[in-house]
Amino acid sequence: MDEILVVGCGLSGVVIARQLAQAGYKIHIIDKRSHIGGNVYDQVNEKGIRVHHYGPHLFHTKNEKVFKYLQQFGEWVPYKHKVKAMLQDGRYVTLPVNRETKDIVGEENIVETFFRPYSEKMWDMKLEELNPDILNRVPVRDDDNTYYFPNDPFQAMPKDGYTAIVKNIINHPNIRISLESPFQKSLEEHARHIFNAMPIDEYYDYRYGELPYRSVKFHTINLPMPKLLPVTTVNFTHKGPHTRVTEWKNIPAHGENNQFTTLTYEEPCDYKDNNNERFYPVKDLQGTNRELYKKYQAIPNEKTTFIGRLGLYIYIDMDQAVNAALKTAERFLQKQKKLDQ
């Protein structure tokens, strides 16, 4: 039996690989990066503090099946994420906007204070040009809730980090991994099937044009102080280049150091200004980018299934990535079963 090729060692790729490996298939995972885990990759720094290399990844879900699936691969500790915004005068207020925040800034000022500066920096587009779905991800509330994901019953962080979880997922005799291995179409020749998480427009050599993506430059510093921020993440309301800062020690199981703390500041940019690191598909109001993606999606390619944010040109959270991967693997196995009958 020829191997199944999985392009990308992020959550989408490794979950599909694990499911198919358990069903008896030989899997070859390749990734152009030098590490496993994709964008959830984390490591402990020289101060003993765990840092998420590609920005904070906070696990939250309503999907109990997904959470139970991930619990097979490592211990998780409870954590409910809190976010504050820093006003121009240095005061901290709660996000998502709750009743107290509305009283402080005035309901009429919410959009201009919180949504416009953050969103326009993040997407490099006027607020009026963005799909409202982007803003609706963080609704304004009429209560005193202080949690960022108040409606998700399952919220936790992996005790030993996401990299350890991914390492356990791919720890199977039917899975082999090649890092620092960019995708080449010649690899498809001997593959039974390909699950590809690379940008779909790049795969097709941009025949219909380039899909736009936003990226983020992460600036990480150590400060000689035990603690700085009141919560894990603080959003900025100014018009400067940075959108937010994360203090890693405020997340449980992320290290202890009574002399130093580690912070990461985020600076949005075009992916071409950040070593072609694509993080966020751009969801414009007219849906132009989605229509361009559909042209790529419609190209006949029975041997390849595109997966993940870049393959599907969609923004998905971690739980959605895992859920979609489980369903993708199940569909493939059912199809193969019919073909073998």
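Residues numbered from 1 in each chain as written. Predicted model: local features only at pLDDT ≥ 70, side-chain atom pairs only at ≥ 80, totals over all residues. Heavy atoms only, no water.

J.: Is there a simple way to think about the overall build of the chain in this case?
T.: Helix and strand counts for the chain stand at 10 helices and 17 strands. Over its C-alpha trace the chain gives a radius of gyration of 21 Å, about what one expects of a compact globule, namely 20 Å for 341 residues. For the chain, the residues scored as buried account for 54% of the 341 residues in total. A sequence separation of at least 24 residues applies to 74% of the contacts in the chain between residues at least 6 apart. (Helix = DSSP H or I, 4+ residues; strand = E, 2+ residues; numbered from the N terminus. Rg over C-alpha atoms; globule rule 2.2 N^0.38 Å. Buried < 20%, exposed > 50% of the residue type's maximum accessible area, 1.4 Å probe, protein only. Contact = heavy atoms within 4.5 Å.)

J.: I would appreciate a short explanation of the nonpolar core in the present structure.
T.: Within soluble globular proteins, side chains that are nonpolar generally end up buried alongside one another. Judged by nonpolar contacts, the single largest core of 47 residues is most densely connected at Leu20, Ile27 and Ile29. A total of 7 residues in this core trace back to one element, the largest contributor, which is helix 1 (residues 11-22). The residues touching Ile27, leaving out its near neighbours within four places in the chain, are Glu3, Ile4, Val6, Ala17, Leu20, Ala21, Asn174, Ile175 and Arg176. In this structure, Leu5, Leu127, Tyr213 and Leu310 belong to the second largest nonpolar core, which totals 32 residues. (Core = buried A, V, L, I, M, F, W, Y, C linked by side-chain atoms within 4.5 Å.)

J.: What is the right way to read the environment of Thr233 from this model?
T.: Note on placement: Thr233 falls in strand 13 (residues 233-236). As a C-alpha pair, Thr233 and Thr101 span 132 residues in sequence and 16 Å in three-dimensional space. Residue contacts for Thr233: discarding those within four places in its chain leaves His81, Lys82, Val83, Lys84, Arg244, Val245 and Thr246.

J.: What is the right way to read the sheet that holds strand 1 (residues 4-7) from this model?
T.: By definition, the strands of a sheet pair up through backbone hydrogen bonds, in either a parallel or an antiparallel sense. One open sheet holds the 5 strands; their spatial order is 10-2-1-11-17, and the pairing between them is parallel. Here the strands that pair on one side only, and so sit at the sheet edges, are strand 10 (175-178) and strand 17 (304-306). On average, each strand axis in the sheet is inclined to that of its neighbour by 20 degrees, with strand direction left out of account. Here strand 11 (residues 193-196) runs beside strand 17; their pairing, made up of 3 bridges, is parallel. Opposite Asn196, over in strand 17, you have Phe306 as the bridge partner. Against the sheet, helix 1 engages strand 1, strand 2 (27-30), strand 10 and strand 11, with an angle of about 170 degrees to strand 2. (Pairing = 2+ DSSP bridges. Axes fitted to C-alpha atoms, helices over the stretch in contact; angles between N-to-C directions.)

J.: Teacher, can you tell me more about the packing of helix 2 (residues 64-71) against helix 10 (residues 318-340) here?
T.: The description of two packed helices rests on the angle between their axes and on the distance between the axes. Helix 10 packs onto helix 2 with a crossing angle of 85 degrees between their chain directions and a minimal axis gap of 10 Å. Here helix 2 is positioned roughly perpendicular relative to helix 10, judged by the angle of their axes. Within the contact between the two elements, helix 2 uses Val66, Tyr69 and Leu70 and helix 10 uses Asp319, Val322, Asn323 and Leu326. By residue class, the composition of the contact of helix 2 with helix 10 is 5 nonpolar, 1 polar and 1 charged. (Parallel < 35°, antiparallel > 145°, perpendicular 65-115°, else oblique. Nonpolar A, V, L, I, M, F, W, Y, C, P; charged D, E, K, R; others polar.)

J.: Hey, could you run me through the sheet that holds strand 6 (residues 76-78) in this one?
T.: Strand order in this open sheet of 3 strands is 5-9-6, and the pairing throughout is antiparallel. Of all the strands in the sheet, the pair left with one neighbour each is strand 5 (59-61) and strand 6. Adjacent strand axes in the sheet meet at a mean angle of 35 degrees, parallel and antiparallel pairs treated alike. Direction of pairing for strand 6 relative to strand 9 (residues 154-158): antiparallel, over a ladder of 3 bridges.

J.: Explanation requested: the packing of aromatic side chains in the structure shown.
T.: The geometry of an aromatic ring pair comes down to the distance between the two centres and the angle between the two planes. Overall, the coordinates contain 23 aromatic pairs when judged by the stated rule. Each ring, one from Tyr54 and one from Phe279, has its centre 6.0 Å from the other, and the planes form 65 degrees; the classification is edge-to-face. Residue Tyr54 is located in the loop between strand 4 (50-52) and strand 5, and its partner Phe279 is located in the loop between strand 15 (261-270) and strand 16 (280-281); the two are separated by 225 residues in the primary sequence. Accessibility classification places Tyr54 together with Phe279 in one group, the buried group. Ring centres 5.7 Å apart and planes at 35 degrees place the aromatic pair Phe67 and Phe154 in the tilted group. You can see Phe67 sitting in helix 2 and its partner Phe154 sitting in strand 9, a full 87 residues away along the chain. Judged on exposure class, the residue Phe67 and its partner Phe154 are both buried. A connected cluster of aromatic rings, assembled from ring pairs, spans Phe183, Tyr203, Tyr204, Tyr208, Tyr296 and Phe306. (Phe/Tyr/Trp six-rings, centres within 6.5 Å; stacked < 30°, edge-to-face > 60°.)

J.: Looking at this model, I keep getting lost on the side chain of Arg278. Mind explaining?
T.: In this structure, Arg278 sits in the loop between strand 15 and strand 16. A polar contact of 3.1 Å, which involves the side chain of Arg278, links it to the side chain of Tyr206. Apart from residues no more than four positions distant in its own chain, Arg278 is found in contact with Pro199, Glu202, Tyr206, Tyr213, Arg214, Tyr271 and Leu310. (Polar contact = N/O pair within 3.5 Å; in protein donor to acceptor, adjacent residues only side chain to side chain.)

J.: Can you walk me through the pattern of salt bridges in this structure?
T.: Under the criterion given, the structure shown has 19 salt bridges. Across the salt bridge formed by Lys102 and Asp142, the nearest N and O atoms sit 2.4 Å from each other. Of this pair, Lys102 sits in helix 3 (residues 99-105) while Asp142 sits in the loop between helix 5 (132-136) and strand 9, and the two are 40 residues apart along the sequence. The partner of Glu291 in a salt bridge is Lys294, with the nearest N and O atoms 3.6 Å apart. (Salt bridge = Lys/Arg side-chain N within 4 Å of Asp/Glu carboxyl O.)

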